[in-house]
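Residues per chain, in single letters:
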Amino acid sequence: MKTYGEKPASARTRQRVGIADFAVTADGAVLTTSGLGSCLGVCLHDDRAGVAGLIHVMLPTAPDDPPNAAKYADTGIDVMLQAMCAEGAAVDDVRAKLAGGSAMFEFDSQDEPIGERNVAVARTMLDRRGVPIDAEDVGGDSGRSIQFHGETGVLVIKSAGDERRL
Amino acid sequence: MRVDIQSLGTYNRLAQEGAEHAAASLTQMTGIETYVDVTNVTLMSKRDVEDVFGGTEFVGVQIGLGGGLSGETALAFDRDSAASIVDVLVPGATAGTDDSFDEMARSGINEIGNIMMGGFVDGWADYLATSVDMTPPTYVERDGTDVLPNGTLDRAEEEHVFVFESQMTAVDEEIDAYIYMLPEYGAFAEMLEASDDHEDAIPMDKLTVFDEMTRQGAERAAENVSSMTGIETDVDVSRLSFVPIEDVPNTARDEVYLGTVMEFKGTPGGYLAILFDEPSARTIVDATVPMELDEPLGDMGESAIQEMGNIMTSGFIDGWANVLQTSIDHTPPELVRDLGTAILSPIAGRLGQSQEYAFLMDSTVVTPEGEFNCEIYAIPDEQKLKEALDSLLVERSDQLEANRESIF
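Residues numbered from 1 in each chain as written. Chains lettered and ligands numbered in written order. Predicted model: local features only at pLDDT ≥ 70, side-chain atom pairs only at ≥ 80, totals over all residues.

On to the overall build of chain A, then. From N to C terminus, chain A includes two helices and eleven strands. Relative to the compact-globule value of 15 Å for 166 residues, chain A shows a C-alpha radius of gyration of 15 Å, a close match. Referenced to the eigenvectors of the C-alpha coordinate spread, the extents of chain A come out at roughly 45 × 40 × 30 Å. Considering chain A as a whole, with its 166 residues, one finds that 54% of them fall into the buried category. For chain A, long-range pairs separated by at least 24 residues make up 61% of all intrachain contacts whose partners lie at least 6 apart in sequence. (Helix = DSSP H or I, 4+ residues; strand = E, 2+ residues; numbered from the N terminus. Rg over C-alpha atoms; globule rule 2.2 N^0.38 Å. Buried ≥ 20, exposed ≤ 12 C-beta atoms within 10 Å, placed from the backbone. Contact = placed C-beta atoms within 7 Å.)

Okay, structure coming up:
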């Protein structure tokens, strides 16, 4: 989901990220996404360059030549890293936080739940790119809505009436 | 005729891109940041059209298309959204919510309509490698189905109509805009028509039967609610749409729902979610549990919703099984209480492993006094849906009509 308008101008600007989509900010916008169930939010932050990104992936691995790379953990993380580097980030300075990947239903809890696989593939991809994971709030059986503060790298998670900060 | 699923997907993508151009034009002209929420293509009967558009008041423009793509389009705003846009676009024009829009306001709406629809249509013209002619915009300020291009209802009565719908929403304000495009049926059917040996093709007449099946399922579910609660209910909206799989979760609102979800197995396989928003859940519980319950709903309330979900599920499944003349196996409905998008995301994820687009059947059960509403989402597995439709005898559609009448 693309938004139209001027680039976020201040840390108070919020930018909404849809499913199978990502956003990158170089000026401290708050990136938000809501209703993460089995989907996974991958938050990347380069403190030195002041660049942050949030991607909302739906599935772990992409087929060949996917029409939308942001839909998948394996292709989406690279696409967002590239977009962050275009804004001045350096992969070596990027750190990650993960939220989502729950198993909401019994029918999605047996033989490799989607959420669990999303988390596993994201961890593998981040490890491969040398991006350390600072914090995770994954799994469980509740949905999450998240706000990723581009300026500070703080991740606020709302889930089942609770609020957590990572 | 048979419909090529892949090409339906391509046209959906064109409509999505077109809507993004239109949203960009809106932002450029007004400075209001907007995004495209959902784009879908729906196959509607006359009754579906009346359900979806009835009872709402729109302000907007109608523009006819000719040349490489013939059909009708409408850009519609609800009154408040139109007033906000007029305020920005033509300061000084009368755009109060109770007064009617003056000449300046109308010409502002016409202008933005023309520009937005130009953006919407450009992508189609490029893809079809042809030029598309647009008629001058006609300003409309109407209720319900009247906002649709003339003749839509008549056409829908003769044969189902394809309706492309995109919703655009402002990021920080309460502004919604809708683009509707109704391609001329014959020409569009030719664009969609698959060659006989195309394995992804779905027979058109059977697809319309499936649309009716959904309505029948929803009606059975609604009857079961009525008999359990004593509250009169009706199916307000029931439609079959074709959406990119990643748009499925967005079809529920961004709020907390209570309800049940289950997987149905065999032919057709897929998922069924029956969801109540929180106030509606409260109403249901109050009507079915003969004692005062705590606020918010605790275990006892949740078990009442579970029970309601079970009963509606069996009604819905009966409706389908009746048309398919087969039994349908399913997992026990599971209770859920979460954000709508989170509830639908594992369903989209599981289906998304093998399909790019989903046939989404959504229905809304309401009561005449607005005591509650209940959203029913049925999302079949695409491959299993094809198998089910292949084994569905076309004569059964006549039988369906007979069954429908015997219900009322």
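With a phi angle near 60°, Ala20 of chain A is a residue other than glycine that sits in the positive phi range. The topology assignment puts Ala20 of chain A in the loop between strand 2 (14-16) and strand 3 (21-25). Unlike most non-glycine residues, Ala129 of chain B shows phi in positive territory, near 50°. With respect to the element layout, Ala129 of chain B can be found in the loop between helix 4 (103-128) and strand 5 (132-134).

Looking now at the environment of Arg165 of chain A. All names here are of chain A. Among the structural elements, Arg165 can be located in strand 11 (residues 162-165). For Arg165, a count of 11 C-beta atoms within 10 Å gives the class exposed. Remark: the alpha-carbon pair of Arg165 and Val154, spanning eleven residues in sequence, is separated by 6.9 Å. With residues up to four places along the chain from it excluded, the contact list for Arg165 reads Val154 and Val156.

With that settled, consider the nonpolar core. Among the nonpolar cores identified, the biggest contains 172 residues, and Val42, Leu44 and Ala122 of chain A together with Ala273 and Ile343 of chain B are the most heavily contacted of them. Here this core gathers at least three residues from each of two domains, domain 1 (2-192) and domain 2 (201-407) of chain B. (Core = buried A, V, L, I, M, F, W, Y, C linked by C-beta atoms within 7 Å. Domains from an automatic or database assignment.)

Residues and elements named next belong to chain A. The sheet built from five strands is open, its strands ordered 3-6-5-7-8 with mixed pairing. Two strands lie at the open edges of the sheet, namely strand 3 and strand 8 (133-138), each paired on one side alone. Averaged over all neighbouring strand pairs, the angle between strand axes comes to 10°, with direction disregarded. Bridging between strand 5 (residues 40-46) and strand 6 (residues 51-57) involves seven bridges; their strand directions are antiparallel. In the strand pairing of strand 6, Leu40 is matched with Val57. Of the strands in this sheet, strand 3, strand 5, strand 6 and strand 7 (94-100) are in contact with helix 1 (residues 73-86), which crosses strand 6 at around 160°. (Pairing = 2+ DSSP bridges. Axes fitted to C-alpha atoms, helices over the stretch in contact; angles between N-to-C directions.)

In this section: the interface of chain A and chain B. Accessible area lost on assembly of the parts is the figure often given for the size of an interface. With 26 residues of chain A in contact, the opposing surface of chain B contributes 31 residues. Elements represented by at least two residues in the side of chain A that touches chain B include exactly strand 1 (3-4) and strand 4 (30-36) of chain A. Among the residues making up the side of chain A that touches chain B, the classes are represented as twelve nonpolar, nine polar and five charged. (Nonpolar A, V, L, I, M, F, W, Y, C, P; charged D, E, K, R; others polar.)

The next thing to look at is the domain arrangement of chain B. Residues and elements named next belong to chain B. Taken domain by domain, chain B consists of domain 1 (2-192) and domain 2 (201-407). Centre-to-centre separation of domain 1 and domain 2, based on C-alpha positions: 28 Å. Counting residues at the interface gives 19 residues for domain 1, matched by 21 residues for domain 2. Breaking the side of domain 1 that touches domain 2 down by element, the ones donating at least two residues are strand 1 (2-4), helix 1 (5-30), strand 2 (34-44) and helix 2 (46-53). For the side of domain 1 that touches domain 2, the element with the most residues is strand 2, which contributes seven residues.

Before going further, it helps to spend a moment on the environment of Thr135 of chain B. All names here are of chain B. Tracing the backbone through its elements, the reader meets Thr135 in the loop between strand 5 and strand 6 (138-143). Measuring from C-alpha to C-alpha, the distance between Thr135 and Val88 comes to 26 Å, with 47 residues separating the pair along the chain. With near-sequence residues (within four places) excluded, Thr135 lies in contact with Ile63 and Gly64.

All names here are of chain B. Counting buried residues in strand 12 (residues 270-277) gives seven out of eight residues, a clear majority hidden from the surface. Bridge analysis of strand 11 (residues 256-265) against strand 12 gives eight bridges, and the strand direction is antiparallel. Pairing of Thr260 across the sheet is with Ile274, part of strand 12. Following strand 11, the chain reverses through four residues before pairing antiparallel with strand 12; Gly266 in that reversal takes a positive phi of roughly 95°. In this structure, strand 12 lies alongside strand 16 (residues 373-380), joined through seven bridges in antiparallel fashion. Residue pairing across strands places Tyr271 opposite Ile379, the latter belonging to strand 16.

All names here are of chain B. Mean pLDDT over chain B works out to 81, with 90% of the residues at or above the 70 mark. Between residues 401-408, whose pLDDT stays under 50, and residues either more than four places distant or in other chains, the model counts three contacts. Reported confidence for the predicted complex is 0.89 by ipTM and 0.83 by pTM. (pLDDT = per-residue confidence, 0-100.)

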